[in-house]
Amino acid sequence: MSDSTHGIRLQSRSQALRAAIELLSSMRFAIALLTVICIASVIGTVLKQHEPAVNYVNQFGPFWAEVFLALHLNAVYSAWWFLLILAFLVISTSLCVARNAPRYLSDVRNYKESLREQSLGAFAHRAENHLPEAPEAAARRLGALLVSGGWKVKLQQRGDRGWMVAAKAGAANKIGYIAAHSAIVLICLGGLLDGDLVVRAQMWLGGKTPYAGGGLISEVKPEHRLSERNPTFRGNLLVAEGTQSSIAILNQSDGVLLQELPFSIELKKFIVEHYSTGMPKLFASDIVIHDKATGEATPARVEVNHPASWRGIEIYQSSFDDGGSQVTLRARPLVAGVQPFEVQGVIGGSSPLDAAALGQPLTLEYAALRVLNVENFSGAKEAGAGGASGSAVDVRKVDLRSSIESRLGAGNKTVTPRDLRNVGPSITYKLRDASGQAREFNNFMLPVDTGDGQPVYLLGVRETPSEPFRYLRVPADDQGSMDGFVRMRLALADGALREQAVKRYVALAVDPSRPELAEQLSQSAVRALALFAGALPSSEKSERAGRAVGGLQAISDFMEANVPEAERARAGEVLVRILNGTLFELAQLTRQRAGQPPLEQNAQTQAFMTQAVLSLSDAQIYPAPVAFELKGFNQVQASVFQVARAPGKNIVYLGCLFLIVGIFAMLYVRERRIWIWLAPEGEGAHATMALSTNRKTLDGDREFGQLTRKLIGAPPHGDTA
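Residues numbered from 1 in each chain as written. Predicted model: local features only at pLDDT ≥ 70, side-chain atom pairs only at ≥ 80, totals over all residues. Heavy atoms only, no water.

## Some thoughts on the overall build of the protein
For the protein, the helix and strand inventory stands at 20 helices and 25 strands. For the protein, the residues scored as buried account for 41% of the 721 residues in total. At a minimum sequence separation of 6, the contacts of the protein that also span at least 24 residues come to 62%. When the accessible surface of the protein is totalled, it reaches about 38,500 Å², and 56% of it is carbon and sulfur. (Helix = DSSP H or I, 4+ residues; strand = E, 2+ residues; numbered from the N terminus. Buried < 20%, exposed > 50% of the residue type's maximum accessible area, 1.4 Å probe, protein only. Contact = heavy atoms within 4.5 Å. Areas by Shrake-Rupley, 256 points an atom, 1.4 Å probe, with all protein chains shown as cover.)

What follows is the structure, encoded as structure tokens:
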């Protein structure tokens with residue numbers, strides 16, 4: 001703002017006070033504070049704000065999470081040090097403006113007509129010439145010419161020595177400096193007013209404390225609530241369809257504060273539209289605002305970037321959530337001894353499960369319901385069409401039109417083909433044991449064809465929220481359900497049913513006239529099926545560990561432990577053929593017991609059995625005794641609003657206007673001053689002309705040349721043209 005970075009220098013006896021005031025009002029201090037605020041804002045943009053502490057631990061580790069929380073980097077814009085720096089920046093910039101504004105305003109009003117005539121010779125832009133008029137007449141003529149050109153002019157007579165013509169233009173450049181720096185003060189003041197400063201002042205002076213517990217909002221004590229008369233706040237409000245709410249949540253680093261609103265918001269209907277990718281395209285809320293004081297009910301519609309306003313409080317559409325959808329789940333047993341059952345619940349709630357039926361006490365927590373799930377199946381389609389590489393592109397083909405079009409258009413366009421399909425609803429739930437540990441599950445309601453022609457039910461599981469879901473693919477049977485797979489899974493754990501399946505397989509595979517071959521095949525089949533079911537230890541290692549590993553891993557471990565390496569390939573083919581045959585007979589046996597016709601020998605049955613073998617192998621490590629299938633739901637939408645009383649908004653708008661005006665004035669307005677000294681010379685006057693400008697540009701040189709020729713009829717000094 002000034003030519004000097006020094007601040008105000010007081011005439012005080014206290015050296016410390018003089019140094020503090022000088023530093024606080026100096027431009028170097030303001031620039032340093034502004035730099036720190038910029039760095040903090042970058043951190044607040046990169047690092048997600050107001051996340052649960054466990055999310056920072058999972059992402060950055062315990063040490064750095066503790067550092068971030070100690071420095072309040074998880075809530076930068078409400079941290080005490082950020083507000084303190086912002087306040088110091090306001091004070092520093094205000095002092096700087098107060099120190100320099102009088103001088104700049106004086107420069108705007110001052111023509112500097114008292115400049116000595118000898119000083120004109122030191123200017124870079126200067127010119128001299130003889131004029132035929134007397135000094136007074138020449139001064140008045142030149143003044144009139146300058147005024148007609150948009151200059152402000154002042155004439156000064158210096159006795160018999162001559163006349164001084166002083167003119168100026170572009171004084172708005174100085175105003176730009178004041179406006180730009182005043183804008184910083186206004187924007188920071190608006191930020192302080194609309195930030196957490198007022199809320200924190202109520203916490204420091206009014207005895208308000210954040211609430212870190214749980215339970216009903218109505219049970220929260222008054223020391224955690226803010227009054228309706230709170231002059232500034234910004235909080236979130238979740239309202240489910242058909243309900244209303246009048247209390248906003250203000251997130252703090254160590255809890256929440258409840259903000260009472262002078263009205264309640266009733267959500268009549270939530271509307272959401274999606275792109276083909278499944279991303280939300282539009283979400284809006286039809287609401288009714290109920291005024292507590294008058295009882296007036298005012299309908300309104302809130303959309304993204306189109307808020308509603310009620311007596312100085314803005315209501316923004318922030319996001320949407322589940323409002324307590326009702327779901328019906330059916331437990332599919334995956335281990336022996338568990339019977340199927342149904343359970344009903346509400347998203348966000350929980351249900352205790354029968355410990356005797358499941359073998360352990362578990363709590364079912366209903367986490368989320370997603371009605372729309374759009375997935376990209378182009379990879380599976382290309383893999384089927386193009387072979388193992390998954391590419392069906394002919395590299396010899398030259399398609400100039402497609403090549404050009406792929407590089408034109410929107411910046412988010414991709415040349416990768418996409419086959420987007422909605423695979424239907426899904427349910428996310430958690431199973432929590434007696435020790436409080438929980439696993440998260442994500443199961444799809446409908447079978448999904450992933451590209452190989454065999455629809456599968458996707459049963460996802462993960463240990464922590466930071467991990468991706470790992471899916472067990474359960475093949476759908478000829479009825480489109482997972483009943484066939486569940487029956488096979490339970491029958492595989494039954495030794496008697498395994499023996500019956502082996503007998504059926506041996507009877508079909510061996511000639512009855514060769515009982516010795518039947519006995520050998522029967523022993524091999526019984527062992528293979530028992531290994532696959534996890535009923536036998538597959539190796540000495542698993543036997544010492546006291547547990548049996550099932551699935552294809554058990555078959556592999558058994559081969560490595562008992563078959564020479566040179567014979568493993570052939571023996572493996574035989575063993576897998578036996579396993580597939582016995583599992584097919586086991587499936588036929590379960591269908592017979594269920595009163596269903598046997599499976600036909602066709603491609604559809606082969607695809608089902610291939611996926612069933614893989615799924616039965618993977619199911620050995622499924623970490624739950626049951627898988628919950630979504631049988632029905634009644635979706636209830638909820639809208640998340642951001643409600644804000646922001647008195648500093650208009651101050652920020654004014655500051656932005658000042659900033660725009662100031663920057664344009666400083667960049668595009670050049671301050672220029674002209675002095676013409678007219679001294680008597682014979683019958684006429686000797687004119688000495690000089691120009692000063694705050695920036696040396698080619699336009700300034702060109703303008704001075706035009707002015708000298710127009711005013712005194714002489715080229716500038718050094719110009720011989």
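What follows continues from the structure just given.
## Overview of the sheet that holds strand β25 (residues 684-693)
Strand order in the open sheet formed by five strands is β1-β25-β24-β3-β2, and the pairing between neighbours is antiparallel. Two strands close off the open sheet at either side, each with one partner strand: β1 (125-131) and β2 (152-157). Geometrically, the sheet is characterised by an average inter-axis angle of 15 degrees between neighbouring strands, direction not taken into account. Here strand β24 (residues 672-681) pairs with β25 via 10 bridges, running antiparallel. For L678, the partnering residue across the bridge sits in β25 and is A687. Where helix α6 (residues 135-148) meets the sheet, it contacts β1, β2, β3 (163-169), β24 and β25, and its direction lies at approximately 160 degrees from that of β24. (Pairing = 2+ DSSP bridges. Axes fitted to C-alpha atoms, helices over the stretch in contact; angles between N-to-C directions.)

## Comments concerning the sheet that holds strand β12 (residues 326-333)
Each strand in a sheet pairs with its neighbour through backbone hydrogen bonds, running either in the same direction (parallel) or in the opposite one (antiparallel). Across the sheet, three strands lie side by side as β13-β12-β22; this open sheet has antiparallel pairing. Both outer strands of the open sheet, β13 (341-346) and β22 (626-634), are each paired with one neighbouring strand and no more. Taken pair by pair, the neighbouring strands of this sheet meet at an average axis angle of 25 degrees, ignoring direction. Looking at chain direction, β12 and β13 are connected through six bridges and run antiparallel.

## Quick word on the nonpolar core
The tendency in soluble globular proteins is for nonpolar side chains to be buried side by side. Core analysis: the largest hydrophobic core is formed by 61 residues, its most contacted members being L329, L364, Y429, L431, L583, Y622 and F628. Here this core gets seven residues from one element, more than from any other, and that element is helix α17 (residues 568-593). Leaving out residues up to four positions away in the same chain, F628 has contacts with L329, R330, A331, F341, V343, L353, L364, Y429, L431 and N443. Ranked by size, the runner-up nonpolar core spans 24 residues in total, among them F283, I287, A308 and I315. (Core = buried A, V, L, I, M, F, W, Y, C linked by side-chain atoms within 4.5 Å.)

## Overview of helix α18 (residues 603-618)
Its 16 residues place the ends of α18 23 Å apart at the C-alpha level, agreeing with the 22 Å of an ideal helix rising 1.5 Å per residue. If you check which residues of α18 are buried, you get T605, F608, M609, Q611, A612, V613, S615, L616 and S617. Tucked into the core, α18 has its buried residues touching β20 (456-462), β21 (470-475), α12 (483-492), α14 (515-533), α16 (551-562) and α17. (Expected span 1.5 Å × (residues − 1).)

## Description of the confidence of the model for the protein
Per-residue confidence for the protein gives a mean pLDDT of 85; residues scoring 70 or more make up 90%. Scored below 50 in pLDDT, residues 1-5 makes 17 contacts in the model with residues more than four places away or belonging to other chains. Scored below 50 in pLDDT, residues 381-398 makes nine contacts in the model with residues more than four places away or belonging to other chains. (pLDDT = per-residue confidence, 0-100.)

## What to know about the packing of α12 against α17
When two helices pack together, their arrangement is given by the angle between their axes and by how far apart the axes lie. Put simply, α12 and α17 touch, their axes get as near as 9 Å, and they point 110 degrees apart. The angle between α12 and α17 falls in the class roughly perpendicular. Pair α12 / α17 crosses with right-handed handedness. Counting all contacts with α12, which are made through R487, M488, A491 and L492, the residues of α17 involved are L583, L586, A587, T590 and R591. Residues of the contact of α12 with α17, tallied by class, amount to six nonpolar, one polar and two charged. (Parallel < 35°, antiparallel > 145°, perpendicular 65-115°, else oblique. Left-handed = near helix turned anticlockwise from the far one by under 90°. Nonpolar A, V, L, I, M, F, W, Y, C, P; charged D, E, K, R; others polar.)

## Remarks on the state of the cysteines
Taken as a whole and assessed by the stated rule, the structure comprises zero disulfides. With no disulfide of its own, C38 has C188 as its nearest cysteine by sulfur position, at a separation of 9.9 Å. (Disulfide = S-S within 2.5 Å.)

## A short note on unusual backbone geometry
Glycine aside, residues mostly have negative phi angles, and peptide bonds mostly take the trans form. The phi torsion at H72 lies on the positive side, around 60 degrees, for a residue other than glycine. Within the chain, N305 stands out as a residue other than glycine whose phi angle is a positive 70 degrees. Within the secondary structure, N305 is located in the loop between β9 (297-303) and β10 (308-310). Given a relative accessible area of 72%, N305 falls into the exposed group.

## Digging into the side chain of E260
In this fold, E260 is placed in strand β7 (residues 255-274). Polar side-chain contacts of E260 include one of 2.7 Å to the side chain of R225. (Polar contact = N/O pair within 3.5 Å; in protein donor to acceptor, adjacent residues only side chain to side chain.)

## Looking at the packing of aromatic side chains
With the rule as written, the count across this model stands at 17 aromatic pairs. Geometrically, the ring pair formed by F444 and Y471 is tilted, given 6.2 Å between the ring centres and 45 degrees between the ring planes. Linking F444 in strand β19 (residues 438-444) with Y471 in strand β21, this pair joins segments that are 27 residues apart in sequence. Residue classification places F444 among the buried positions, given a relative accessible area of 6%. (Phe/Tyr/Trp six-rings, centres within 6.5 Å; stacked < 30°, edge-to-face > 60°.)

## What to know about a nonpolar patch on the surface
On the surface, a cluster of nonpolar side chains totalling about 770 Å² of accessible area is made up of W80, L84, F88, I91, L197, W204 and L205. In terms of residue count, helix α5 (residues 80-109) provides more of the nonpolar patch than any other element does, four residues in total. Assignment of secondary structure puts L197 in helix α8 (residues 197-205). Using a relative accessible area of 31% as the deciding quantity, one classes L197 as partly exposed. (Patch = residues over 30% accessible without salt bridge, like charges linked within 9 Å, V, L, I, M, F, W, Y side chains within 5 Å. Salt bridge = Lys/Arg side-chain N within 4 Å of Asp/Glu carboxyl O.)

## What to know about α12
Along α12, seven of the 10 residues are buried, which leaves the element largely enclosed by surrounding structure. As for α12, its buried residues are in contact with β12, β21, α13 (495-509), α14, α17 and α18.

## Regarding the pattern of salt bridges
Applying the stated criterion across every chain, the model contains 23 salt bridges. Among the ionic pairs, E260 bridges to R225, the shortest N-O distance being 2.7 Å. One end of the pair, E260, is in strand β7; the other, R225, is in strand β4 (residues 225-226), with 35 residues separating them in the sequence.

## Focus: the pairing of β24
Where burial is concerned, most of β24 is hidden: eight out of the 10 residues are buried. In this structure, β3 lies alongside β24, joined through seven bridges in antiparallel fashion. Note on β24: the bridge partner recorded for K168 is R673. Taking the residues between adjacent antiparallel strands as the criterion, β24 and β25 are bridged by two residues, where G682 takes a positive phi near 65 degrees.

## A look at the side chain of N373
Inspection of the secondary structure assignment puts N373 in the loop between β15 (362-370) and β16 (374-376). Its relative accessible area of 4% is what places N373 among the buried residues. At 2.7 Å, the side chain of N373 forms a polar contact with the backbone oxygen of G424.

## Thoughts on the environment of I621
You can see I621 is positioned in the loop between α18 and β22. Along the chain, I621 and G551 lie 70 residues apart, while their C-alpha atoms are 9.0 Å from each other.

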